[in-house]
Amino acid sequence: MIPTPALEFRPILPEILLCTFAIVGMLYEAFARRPDPVPHLAIAIVGIGPAAVTAYALWDWSGPSYVLGDTVAVDRFSVVSRFVLLGAAFVGCLYYTHYASRDPGSFRGEFYPLTLFATAGMTLITAANDLIVIFLALELLSLSLYVLTGITGRRRASEAAMKYFLLGAFSSAFFLYGVAMAYGAATSTKIVGVAAPGIVQALAGQTGSQALALLAMALLVVGFAFKVSAAPFHMWTPDVYQGAPTPVVAFMGAATKVAAFFALIRVFDVGLQPLTWDWTPVIYGLAVVSIVVGSVVAIAQRDVKRLLAYSSIAHAGFILTGLTAANSTGIGAAMFYLVAYAVVTLGAFGIVMLVSARGEEQTSLDAYAGLARRSPGLAALMTVFLLSLGGIPPTAGFIAKVTVFSAAIGAGNWPLAVVGVVASVVAAYFYVRVIVYMYMREPAEGIESDDGVMPRIAAGVLAAGIVVLGIFPGILTGILEPASIVRW
Amino acid sequence: MGTDLRLDSVSATMILVITGIGALIHVYAIGYMAGDPRYGRFFSYMNLFVFFMLMLVLGANYLVLYLGWEGVGLCSYLLIGFWSDVPANAEAAKKAFITTRIGDTLMLVGLALIVFRFGTLDFEAVFGAAGTVLTKDAATAIALLLFAGAIGKSAQVPLHVWLPDAMAGPTPVSALIHAATMVTAGVYLVVRSHVLFELSGVALTVVLVVGVVTAVFAATCAVAQQDIKRVLAYSTISQLGFMFMAAGMRAYGVAMFFLVAHAFYKALLFLGAGSVIHGMHDEQDLRRMGGLRRLLPITFATFLVGALAQAGIPPLAGFFAKDAVLEVAQHTGRAAVYALGSIAAFLSAFYLGRVLFLTFFGEPRSDRARDAHEAPPVLWVPLAVLAVGAATAGWLTLTPEGRLTGFLEGITGPTPAGQGVAVAALAAVATVISLVALASTWWIYGSGRVDWVGFRERLEPLPRAALNGWYVDRAYDTALVQPAKAGAWITAYVLDARIIDGAVNAIGGGVKLLADGGRHLQTGFVRSYALAVFLGAVTILVYVGVRS
Amino acid sequence: MIRLPLVLLFSAFLFSTGIYGVLARRNAVMVLMAIELLLNAVNVNLIAFAAELQDITGVVFALFVIAVAAAEVGIGLAIVILLFRNRASINVDEVDLLKW
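Residues numbered from 1 in each chain as written. Chains lettered and ligands numbered in written order. Predicted model: local features only at pLDDT ≥ 70, side-chain atom pairs only at ≥ 80, totals over all residues. Heavy atoms only, no water.

A. Representation of the overall build of chain B in the model. Counting secondary structure elements, chain B contains 25 helices and 0 strands. The burial tally for chain B puts 55% of its 548 residues in the buried class. In chain B, 82% of the contacts between residues at least 6 apart in sequence involve partners at least 24 apart. Working note: accessible area of chain B is about 21200 Å², and carbon and sulfur atoms make up 69% of it. (Helix = DSSP H or I, 4+ residues; strand = E, 2+ residues; numbered from the N terminus. Buried < 20%, exposed > 50% of the residue type's maximum accessible area, 1.4 Å probe, protein only. Contact = heavy atoms within 4.5 Å. Areas by Shrake-Rupley, 256 points an atom, 1.4 Å probe, with all protein chains shown as cover.)

See below:
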């Protein structure tokens, strides 16, 4: 006999709204005579805006911490992630609207519903308290992203979609195997059990099999490491970033990392908290490999999208660095880093989209030669984003790096911080090289920049945010501090 | 504490000197700098200087004082190098800036010590609490560090080397900054901080010794200079030594009086020299002058007043000022100071007599001297006004208790009194010394009975050594500058360029190779990517298995 | 009653077969099938645990996984068709436009 859980839907209203308007968008796409980006965008915004409002309403939630049969957690941690993810979705939709207007033949209205579905999966995964829900949310976001990757149907996009799909399905099978092992070890898939003991209680009480638990931990790491593109599970990242349409990459690069990391934090820092001494070395190793691989291989890249992909691998390593400190300092540092990284990624790919004009032809470094002469505004914005990625003050990236390193050092992992700092020096080379191209090279012939206004405004706002956060990080840390305490 | 200002008798005296003499020099500069392509820039620098100088003397705490202190240093640098298209001028500006920085840095350390000890830089607070807060040693340390700043700024031995070279600047600059105001900031600092110096005692002795040594040393250099402005530069150094001498004997009021009097006659002498240089089409060498009193009568008259004033002929200002210092020395039983001061006074009368006779008397010794022309009114009117000042400034302290020293007494304390030879007798001796010096210069340079060029040659190598400032510059160059340059060369071209850059380049190259290798791991085949995922998973599983 | 370790071993074998399929097959459809094998291996695990632990969650989870697997195949086949349209081939080893 399955007990009927008390139904409290308010905590998942954001996801309900997103899915509802995703369906509305699909219906519009199906029945509209000539699909038009503007109504699509309007529908998406109508979904995203109220979702944000309902998410905000959860900030001061006074009801139970776990609802819907303990499958969904209600905490400020998930509110923060929802805000970042909804923001990323909004910017992604804006970008795509412009992207499509440049090449109306390639417009696919499915972008908006798929983005909303992916966002719903992402927000749900950060709030999920049940490995089943996490798996379902993971599949929801992954399947949507596979399709989004190939949405233009071009050769490169279809290749990227194929690679992303095969590898994603492969790694999520590992993840699922891990979930099954965790279930076997704990007799529950709940991370924190209220009605019945969850994983954390079972592990803390050592009621289940320790071997199964460790196996579960190792396999769950694989699944998350793939999603956050940590080396050696990163191989898909450069190809997918390069092949997928830029607005998709902007959304995906920013949001997937946020969602996967928030879920990872909840699963490991809460659910597998009794195994902290077992999983921190694994995270440590992943961090080192990711930082080194991302920073070093990026040097050899000439395609800006690939370069940013390797940069995202290195950044995954930096965030993992913060997470080697399995405490609220480490979580807070990782959260700050993720927010800063999401903002920068959205902005940087916005500029990439504007520079690459129609199609996806001009993404090589040569297209950036003399950009400062052709469009000084774009060059200046790109400079801000690159400096933030490189962790140079006064940008948020600098503060983010400092906080993750100090968290790692606080946990005694100073060799990791040393690796991080050295890698940052290496990384500065390729970030600055792009700036050198933009400001000190002669512009190439026959390259025209896109003069889209809306993406420019969006990127400008994001750049301003980066600088403001770099100078007044307290604005964000004040919000993150009460949100970085996830515990059972 | 903040940007508090403070006006008391000492700062009021300084303000009157800065603005009064500054105004005259500005008027003079209107004529002197006419036609210069950077006319506007010159005056903006000058006014910036006046601003900072006023900040310096008006600050109610050491912070504002230091702001002004560095500000005038900057303006001095900018104005010495004003004609920077001549490399030597730029060099001189650099030298002035760097040399004074040595003192400034020590002074900053002193200020830090004050903050450390008192928790404030406010004059009232520091001086009020000094007696209870500071030990004798701490007071000595702070006072000496502050005095190091004064040594640099006021060009005292051993940091005096920049001032003669600073004559590369336009003459109004020399008159305003390097004679009347900025270089006296060190005296102001000592007078202002006298509480700290007195608490130490040792520091006052150091001030006195530095003052005496500088006064004599610089005077010997001045005697042998061939450039009219360099004579005046060494003269200024020597006269600043007199001021420190007075301060070192706790006669702060006398030091301030000397400062005021000196400001008048030294500004007058510089501007007069400028008028001569102007009239001789930028000729500064004494050997090519001569007989100018007929061609430049007004300049001659005013210059004469200035020279006699400094030489110490009563009743001109310098007589009273110098006399007051020597009187304090004699009356407080410092016979050596009195003797050395008198020697310096003799020398100062001697070198001014030499300048006077070589410039204005005898026969013209060059075509330029024959074609010299009198200055326009815009130049000579300030000269005339200054001449009146130089002649009458002595009245400021004519009464027995001294008007100016009495006015300053609230801040500086009373002038130390003692027993000794009667004032009148001292004055008579001093006057005789001056007259003898002037008479001997007349005999050597003015009478025509002595072959002064041959006379100089017979005395070699003394004149050459004195001309070169007794080779202090060369000694510094050998002992400090060249080793530092060699060290810098080694750091730059061996340590940095070879070893550090080499290592960095090697690492960079290595990383690039690594990047190229790593790049080719990304084969593009999805199956090899899946293999990486699989191997990664296996690695983690093995690690976890081995660990447990 | 079958003993749990045996079932776990069986599912591990099934999973390994799936991995082999993903790594060794060049045909995209075969790779998709191998992925199905991976998911079903997990399903075996879930059911075995549910039976052993006398807990219904595993069964429910298995149902969810079956549904997800269906969706995944749907998307996967769509992508393979897209690939085929672009290149007239579904050999994954011929797809290496994006590399280095």
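Let's pick the thread back up.
B. Expanded view of unusual backbone geometry. All names here are of chain B. The residue after Pro 314, namely Pro 315, is reached through a cis peptide bond having omega 5 degrees. One can find Pro 315 in the loop between α15 (297-311) and α16 (317-331). With omega at 5 degrees, the peptide bond leading from Glu 460 into Pro 461 counts as cis. Relative to the elements of secondary structure, Pro 461 occurs in the loop between α22 (452-458) and α23 (462-467). The backbone of His 281 shows a phi angle near 55 degrees, a positive value even though the residue is not glycine. Tracing the sequence through the fold places His 281 in the loop between α13 (252-279) and α14 (292-295). His 281 gets classed as partly exposed once you look at its relative accessible area, which sits at 42%.

C. Spotlight on the interface of chain C and chain A. Listed as interface residues are 40 residues of chain C and, on the opposing side, 41 residues of chain A. When chain C packs against chain A, the two sides together hide about 3800 Å² of surface, and 78% of this comes from carbon and sulfur. Contact with chain A buries area across many residues of chain C, yet Phe 61, Ile 79 and Leu 98 of chain C alone supply 19% of it, more than any other trio. A salt bridge links Glu 159 of chain A to Arg 87 of chain C, with the nearest nitrogen and oxygen atoms 2.8 Å apart. The set of elements that each furnish at least two residues to the side of chain C that touches chain A consists of α1 (4-24), α2 (28-53) and α3 (57-87) of chain C. If one sorts the elements of the side of chain C that touches chain A by residue count, α3 of chain C sits on top with 15 residues. Looking at the side of chain C that touches chain A residue by residue, the classes come out as 29 nonpolar, 6 polar and 5 charged. (Buried area = accessible area lost by both parts, 1.4 Å probe. Salt bridge = Lys/Arg side-chain N within 4 Å of Asp/Glu carboxyl O. Nonpolar A, V, L, I, M, F, W, Y, C, P; charged D, E, K, R; others polar.)

D. Main features of the side chain of Arg 87 of chain C. Mapped onto the secondary structure, Arg 87 of chain C falls in helix α3. The buried category is assigned to Arg 87 of chain C, whose relative accessible area is 17%. Among all residues touching Arg 87 of chain C, those that are not within four sequence positions of it are Arg 155 and Glu 159 of chain A together with Glu 94, Val 95 and Leu 97 of chain C.

E. Here's a closer look at the nonpolar core. Residues and elements named next belong to chain A. With 253 residues, the main nonpolar core has Phe 268, Leu 272 and Phe 385 as its most contacted residues. Among the elements that take part in this core, helix α13 (residues 328-355) stands out by supplying 21 residues, more than any other. Residues within four places of Leu 272 in sequence aside, it is in contact with Ile 199, Leu 203, Met 217, Leu 220, Val 267 and Trp 279. (Core = buried A, V, L, I, M, F, W, Y, C linked by side-chain atoms within 4.5 Å.)

F. Spotlight on the interface of chain A and chain B. Contact with chain A, which involves 34 residues of that partner, is made by 24 residues of chain B. Summed over both sides, the interface of chain A with chain B buries roughly 2400 Å², with 78% coming from carbon and sulfur. Residue Asp 278 of chain A pairs with Arg 547 of chain B through a salt bridge whose shortest N-O separation is 3.8 Å. There are 7 residue pairs in polar contact (both at pLDDT 80 or more) connecting chain A and chain B. When contributions to the side of chain A that touches chain B are tallied by element, the ones reaching two or more residues are α6 (155-186), α8 (210-227), α9 (236-243), α11 (276-299), α12 (304-323) and α17 (414-440) of chain A. When its residues are assigned to classes, the side of chain A that touches chain B shows 28 nonpolar, 2 polar and 4 charged. (Polar contact = N/O pair within 3.5 Å; in protein donor to acceptor, adjacent residues only side chain to side chain.)

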